[in-house]
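Observations on chain architecture
One letter stands for each residue in the lines below.
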Protein chains: 2
Amino acid sequence: MKALLLVAHGSRRESSNQEVRDLAARLGERAGGRFGHVDCAFLEIAEPLIPDGIQRCIDRGAEQVIVLPYFLSAGRHVVEDIPNDVAIKQAEHPGIDIRIAPYLGSSDGVIELLLASAS
Amino acid sequence: MKALLLVAHGSRRESSNQEVRDLAARLGERAGGRFGHVDCAFLEIAEPLIPDGIQRCIDRGAEQVIVLPYFLSAGRHVVEDIPNDVAIKQAEHPGIDIRIAPYLGSSDGVIELLLASAS
């Protein structure tokens, strides 16, 4: 089973964390059965943290976990912090395939979304 | 003349700021003449800051400035800080129409981009 874990920064503003949870729920609806489990996790401040989010996917039976960074730029969080969290869980679970997908901001489609938003 | 100002948080990592500048340049190319000037500005840390970015648009002859928040969630920056910066410039320039477009994360198209990134 393949799981999708949307990973966001986490905010002191609980409504922002809730936005991420709602987005994960909509991702699950729109994924059309591609993933047996879709969830979200946070780098800091909010829960679950990334290691717990990955563990939750494994506990649900995932053999592959796609970690999807909901970030706009390749800052320290994307380049170091998320890979570090993933590496620790990967070492704990060598039989599970944990992958990090490209972060959202690297998608070329962002440009069209921005232009649509500006119109 | 209508100007588009992409507004990002600003990072201590200069490569992240450069990503935003590159994105603004690509937005300008893809906007197909809808805007007479396309630029970027930062809420903090990097330059130009938002008030200076708006001023630059006005100096180039903009009668309307669309401020486009390159943010994923409706946190304090989107809800308070950007509107505050815009309000100050709007008060200084009552003859200029300065508008804030919906922030990127509020776009429904984000879901499709995320699913494409996860595949």
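Above this note sits the structure.
Let me sum up the structure you'll find in this document. Treat the numbers as computed from the prediction; the structure is a model and nothing was measured.

So, on to the pattern of salt bridges. Summed over the entire model, instances satisfying the criterion amount to 16 salt bridges over all chains. Across the pair Lys89 of chain A and Glu92 of chain A runs a salt bridge whose closest N-O atoms are separated by 2.9 Å. Taken together, the residues span about one helical turn, with Lys89 of chain A and Glu92 of chain A both in helix α3 (residues 76-92) at a distance of 3 residues. Overall, Lys89 of chain A belongs to the buried group, its relative accessible area being 6%. Residue Glu92 of chain A is classed as partly exposed on the basis of its relative accessible area, which comes to 47%. A salt bridge links Asp108 of chain A to Arg30 of chain B, with the shortest nitrogen-to-oxygen separation between them at 3.6 Å. Of this pair, Asp108 of chain A sits in the loop between β4 (97-100) and α4 (110-117) while Arg30 of chain B sits in helix α1 (residues 14-30), which puts the two residues in different chains. With relative accessibility at 43%, the residue Asp108 of chain A sits in the partly exposed group. Overall, Arg30 of chain B belongs to the partly exposed group, its relative accessible area being 37%.

With that settled, consider the packing of helix α2 (residues 50-59) of chain A against α3 of chain A. Residues and elements named next belong to chain A. One way to put it is that α2 packs onto α3 with a least axis distance of 9 Å and a crossing angle of 40 degrees. Classified by the interaxial angle, the pair formed by α2 and α3 is oblique. Between α2 and α3 lies a crossing of right-handed hand. Within the contact between the two elements, α2 uses Ile50, Pro51, Ile54 and Gln55 and α3 uses Ile82, Asp85, Val86, Lys89 and Glu92. Tallied by class, the residues present in the contact of α2 with α3 amount to 5 nonpolar, 1 polar and 3 charged.

All names here are of chain B. An order of β2-β1-β3-β4 is seen for the 4 strands of this open sheet, with the pairing classed as parallel. The two strands at the open ends of the sheet, each matched to only one other strand, are β2 (37-42) and β4 (97-100). Sheet twist, expressed as the mean angle between neighbouring strand axes with direction ignored, is 20 degrees. When strand β1 (residues 2-8) meets β2, the two strands line up parallel, connected through 6 bridges. Within β2, the position partnered with Leu4 by the bridge is Val38. Here α1 sits on the sheet and contacts β1 and β2; the angle it forms with β2, its principal contact strand, is near 160 degrees. Here helix α2 (residues 50-59) sits on the sheet and contacts β1, β2, β3 (64-69) and β4; the angle it forms with β1, its principal contact strand, is near 165 degrees.

Time to look at the interface of chain B and chain A. On the side of chain A, 40 residues touch chain B, which itself brings 40 residues to the contact. With both chains or domains summed, chain B and chain A bury close to 3,600 Å², and 61% of this area falls on carbon and sulfur atoms. Three residues, Arg30, Leu72 and Leu114 of chain B, lead the burial of chain B against chain A; their summed loss comes to 18% of the area buried on that side. For the pair chain B and chain A, the interface holds 6 salt bridges. The interface formed by chain B and chain A includes 16 residue pairs in polar contact (both at pLDDT 80 or more). Elements supplying a minimum of two residues to the side of chain B that touches chain A: β1, α1, β3, α3 (76-92) and α4 (110-117) of chain B. Looking at which element gives the most residues to the side of chain B that touches chain A, the answer is α4 of chain B, with 7 residues. Residue composition of the side of chain B that touches chain A, by class: 23 nonpolar, 8 polar and 9 charged.

The rules behind the values
- Residues numbered from 1 in each chain as written.
- Chains lettered and ligands numbered in written order.
- Predicted model: local features only at pLDDT ≥ 70, side-chain atom pairs only at ≥ 80, totals over all residues.
- Heavy atoms only, no water.
- Salt bridge = Lys/Arg side-chain N within 4 Å of Asp/Glu carboxyl O.
- Helix = DSSP H or I, 4+ residues; strand = E, 2+ residues; numbered from the N terminus.
- Buried < 20%, exposed > 50% of the residue type's maximum accessible area, 1.4 Å probe, protein only.
- Axes fitted to C-alpha atoms, helices over the stretch in contact; angles between N-to-C directions.
- Parallel < 35°, antiparallel > 145°, perpendicular 65-115°, else oblique.
- Left-handed = near helix turned anticlockwise from the far one by under 90°.
- Contact = heavy atoms within 4.5 Å.
- Nonpolar A, V, L, I, M, F, W, Y, C, P; charged D, E, K, R; others polar.
- Pairing = 2+ DSSP bridges.
- Buried area = accessible area lost by both parts, 1.4 Å probe.
- Polar contact = N/O pair within 3.5 Å; in protein donor to acceptor, adjacent residues only side chain to side chain.

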